[in-house]
Amino acid sequence: MTTVEKRQTLIQPIQEKEIFDALHDIGDTKALGMDGYNAKNFKSYWDTMKQDVISAVCYWFKYNTMSKGFNSTLVLTANLAKVIGSIIGHNQAVFIPGQQIHKHILLAYELIRGYTRKHGTLRCMIQLDLQKAYDMLNWKSLDTILHEMGIPNQFVNWIMNGVTTITYRYNINGEHSKLMKAERGIRQGDPISPFLFVIVMEYMSRLLHQMQLNPNFDHHLKCEKLELTHLTFVDDILLLARGDVGSVTLIHQTLQRRGLPFRYLGVPLTSKKLTVAHYLPLIDKILSRIQHWSARLLSHAGRVQLVKVVGFAIANYWLQCIPIPKAVLKKIHVACRTFIWTSGISTNRKSPISWKNMCKPMVKGGLCNTPFSTQHLY
C-alpha cells in the first residue's frame, strides 16, 4: 500500500517543468499523432506553442478530458515512478527502480542446482509464460487493482482515461482505415504500460505470498527462510515449491482464485480484521466530494453544511456495517476541518477554532455535530 505522503505526490498540481521534461523524454523522430508532426517540431518551437500545450495538458488533469489525438501519459509515468518501488515486492525484477534482473537470474540458477540428481529433496519449479500479456489485460481488473493498491481515485481516473481512450488506425494499401476504439489491453511502447502491468502482476504475487500461510504448502529447497514462492520477469513467472502433490495443488488453486478482501456494495469484506489501508477508499470518496470544483464556490456556511450532509453521510454508510479505526477517523476529521476553513485539502494555516469545539451541538456553540461515537471506533 502507498503511504499518505506518496499518495499526495501523485495528485499534486502539474507543473510546467514536468510537462517540459516529459516532452524532452520523447524521441525527436517520434510522432504524437497521425498528422506527422514529430516531437522535434514541438521542441524547436516550444516558446511559440508552449502555452497551448500546457493549457491542454492542465485541462486534462483538471477535468479528466483530453482530445483523442493527444493521448500521452509521460507526466503520469514520471509521478508513478516515484512511488512504484513502495508498491511492488522484490519478486519482480524489471521496471522497478533499484531492482536488477541479473540478481534474479543468479538466484534462479542457484535454486535449479541439483535437479539432475536421482536422490534428493523433492523440488518443483514451474515456468509460466503469459500469452499476449499486454493485449489481454482487462480494464476493469486494472481499475480495481489500482484502487486496492492504494492509488488515489483522482490518479486512477487519469490513468484509466489515458488507457481507455486508445484508438487504432491501419494503413491498408496506402489508405488509412477508420478509427477503431480498443476494448481492452494497454499500448505497446507507452511509457506507463510497464508500470501498469507490474502492478497487475503484484496482485498475483501477493496471493502467492499468502499461500505460504497454508500448512499444506512446503517451500522449495533454500526458499523457506527467504519466504520465496516465485520470481517474476515481466510476463515470465517462475513458481517454486516442494515437489509434492499438496504444494503443487495449492499453487494451482491460488492462480485460479480471486482472493480476499473484496468489495460488496462498496464495503470491503474479509475474514480478518480490516487494516487502515482498507479504509482508504472511504477517505478518497470523501475527499473527491469536497474537492469538486463547485465546492470551492461555497460560502463558509455552505462548506459546513456540505461536510455535515455529504461527508458524514458517506462515513455513516460504512459505520452501519463495520467499525472505523481511530486513525481513519482522524484523517476524515483533518480533511473536513481543513476544507471548512480553507475550502481545500492542503493544510496551510491553523484553524481558528478547535475541531472539538466545532463538533459540539449547535445549542452549545458548535457548528457540525459529528455523528461518530466511541462505540463505532477501535
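It should be noted that the structure appears before, not after, this text.
Residues numbered from 1 in each chain as written. Predicted model: local features only at pLDDT ≥ 70, side-chain atom pairs only at ≥ 80, totals over all residues. Heavy atoms only, no water.

Caption draft 1: Focus on the overall build of the chain. Counting its regular elements, the chain contains 14 helices and nine strands. For the chain, the residues scored as buried account for 40% of the 378 residues in total. Look at the contacts in the chain between residues 6 or more apart in sequence, and 65% of them connect residues 24 or more apart. Summing over all exposed atoms, the chain offers an accessible surface of approximately 21900 Å²; the carbon and sulfur share of this is 56%. (Helix = DSSP H or I, 4+ residues; strand = E, 2+ residues; numbered from the N terminus. Buried < 20%, exposed > 50% of the residue type's maximum accessible area, 1.4 Å probe, protein only. Contact = heavy atoms within 4.5 Å. Areas by Shrake-Rupley, 256 points an atom, 1.4 Å probe, with all protein chains shown as cover.)

Caption draft 2: Representation of the nonpolar core in the model. Leu-146, Phe-155 and Leu-196 are the most contacted members of the largest nonpolar core, which totals 60 residues. Counting residues per element, this core draws most heavily on helix H9 (residues 193-210), which supplies nine residues. When neighbours within four sequence positions are excluded, Phe-155 is seen to be in contact with Leu-10, Ile-11, Leu-76, Asn-79 and Leu-80. Listed in part, the 29 residues of the second largest apolar core include Leu-274, Tyr-279, Leu-282 and Cys-359. (Core = buried A, V, L, I, M, F, W, Y, C linked by side-chain atoms within 4.5 Å.)

Caption draft 3: The sheet that holds strand S1 (residues 123-129), seen in detail. As summarised here, the arrangement of the three strands in space is S1-S7-S6, forming an open sheet in which the pairing is antiparallel. Sheet topology places S1 and strand S6 (230-233) at the edges, where each strand pairs with a single neighbour. The sheet shows a mean angle of 10 degrees between the axes of neighbouring strands, direction not considered. Here S1 runs beside strand S7 (residues 236-242); their pairing, made up of seven bridges, is antiparallel. Bridge pairing in S7 places Gln-127 opposite Leu-238. With respect to the sheet, H9 is in contact with S6 and S7, its orientation differing from that of S6 by roughly 170 degrees. (Pairing = 2+ DSSP bridges. Axes fitted to C-alpha atoms, helices over the stretch in contact; angles between N-to-C directions.)

Caption draft 4: Region of interest: the packing of aromatic side chains. A full pass over the atoms with the stated rule returns three aromatic pairs. Measuring from centroid to centroid gives 5.8 Å for Phe-20 and Trp-46, while their planes differ by 50 degrees, and the two rings are tilted. Of the two residues, Phe-20 sits in helix H2 (residues 16-24) while Trp-46 sits in helix H4 (residues 46-63), which places them 26 residues apart along the sequence. With relative accessibility at 31%, the residue Phe-20 sits in the partly exposed group. We classify Trp-46 as buried; its relative accessible area is 7%. A ring pair is formed by Tyr-134 and Phe-197, whose centres lie 5.3 Å apart and whose planes are at 45 degrees; its orientation type is tilted. Within this pair, whereas Tyr-134 is found in the loop between S1 and helix H7 (139-148), its partner Phe-197 is found in helix H9, the two being separated by 63 residues in sequence. For the pair formed by Tyr-134 and Phe-197, the shared burial category is buried. (Phe/Tyr/Trp six-rings, centres within 6.5 Å; stacked < 30°, edge-to-face > 60°.)

Caption draft 5: Representation of H2 in the model. Taken as a whole, H2 has its buried residues at Ile-19, Ala-22 and Leu-23. Take H2 and look down its axis: the buried residues cluster within an arc of 100 degrees, on one side only. Packing partners of the buried residues in H2 comprise helix H3 (39-44), H4 and helix H5 (74-87). (Arc of directions from axis to C-beta.)

Caption draft 6: The arrangement of the pairing of S7 in detail. Counting buried residues along S7, five of its seven residues qualify, which places the element largely inside the surrounding structure. Note: S6 against S7, four bridges, orientation antiparallel. Directly across from Thr-232, in S7, lies its bridge partner Ile-237.

Caption draft 7: Local environment of the pattern of salt bridges. With the rule as written, the count across this model stands at six salt bridges. Put simply, Glu-16 and Lys-50 hold a salt bridge, and the shortest N to O gap is 3.7 Å. One end of the pair, Glu-16, is in helix H2; the other, Lys-50, is in helix H4, with 34 residues separating them in the sequence. According to the relative accessible area criterion, Glu-16 is partly exposed, its value standing at 38%. Overall, Lys-50 belongs to the partly exposed group, its relative accessible area being 23%. We note a salt bridge from Arg-242 to Asp-244, for which the minimum N-O separation is 3.4 Å. (Salt bridge = Lys/Arg side-chain N within 4 Å of Asp/Glu carboxyl O.)

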